[in-house]
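Fold and contact review
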Amino acid sequence: MKNLVGLDSNKAEKLAEELNILLADYEIFYQNLRGLHWNIKGKEFFELHDKFEELYKDAFVKIDEIAERILTLEAVPLHVYSDYLKTTKIKEEKNVSDGTKGVQVVINNFKNLVEKEREILAIAADADDEGTVSLMSDYISQTEKTLWMFNSYLK
């Protein structure tokens, strides 16, 4: 059976489940970034404060895109923090004020995100879901570049 956008309903359901995991990961990542933005101290304050804000604004956009993709696949996006916390692989970070530690948090979170994005890309390709493939391809290239930049920052 096919869904509204012409995808196999079973494959679309599996994709929506995986996208809900990514949604939960991005929600916790977003909140981690807000905490880093608010609490960062030290010599790198100005550059990291601005960078963390740039990242949380980007994460906010991605959260909406992922939720809308889940809806397009005829599923319900997770939308309460208790579900996010049960679902995510990303650890909540609390009271991080050191710049180096904050950058490492971002790197670790991005590593989790890109791993899940690659999993979803493979599932979407198998389902002939070009919409999700395109979304994940864009996210992966952005995430990889950002990972490279943050790793360079720490050297």
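Everything here concerns the structure above.
Below is a summary of the structure that appears in this document. The model shown is predicted, which means the values in this text are computed figures rather than measured ones. (Residues numbered from 1 in each chain as written. Predicted model: local features only at pLDDT ≥ 70, side-chain atom pairs only at ≥ 80, totals over all residues. Heavy atoms only, no water.)

Below, the discussion takes up the side chain of Lys62. Topologically, Lys62 is positioned in helix 2 (residues 45-72). Leaving out residues up to four positions away in the same chain, Lys62 has contacts with Tyr26, Tyr139 and Gln142. (Helix = DSSP H or I, 4+ residues; strand = E, 2+ residues; numbered from the N terminus. Contact = heavy atoms within 4.5 Å.)

Turning to the packing of helix 1 (residues 9-39) against helix 2, a few remarks are in order. It is at 9 Å that the axes of helix 1 and helix 2 come closest, and there the two elements cross at 160 degrees. On the basis of their axis angle, the class for helix 1 and helix 2 is roughly antiparallel. Read as a crossing pair, helix 1 and helix 2 show a hand that is left-handed. The residue inventory of the contact of helix 1 with helix 2, partitioned by class, reads 18 nonpolar, 3 polar and 5 charged. (Axes fitted to C-alpha atoms, helices over the stretch in contact; angles between N-to-C directions. Parallel < 35°, antiparallel > 145°, perpendicular 65-115°, else oblique. Left-handed = near helix turned anticlockwise from the far one by under 90°. Nonpolar A, V, L, I, M, F, W, Y, C, P; charged D, E, K, R; others polar.)

Core analysis: the biggest nonpolar cluster contains 46 residues, and Leu23, Tyr26, Phe29, Leu33, Phe52, Ile66 and Val106 have the highest contact counts within it. Those elements giving two or more residues to this core turn out to be helix 1, helix 2, helix 4 (99-126) and helix 5 (130-154). Looking at this core element by element, the count peaks at 13 residues for helix 1. (Core = buried A, V, L, I, M, F, W, Y, C linked by side-chain atoms within 4.5 Å. Buried < 20%, exposed > 50% of the residue type's maximum accessible area, 1.4 Å probe, protein only.)

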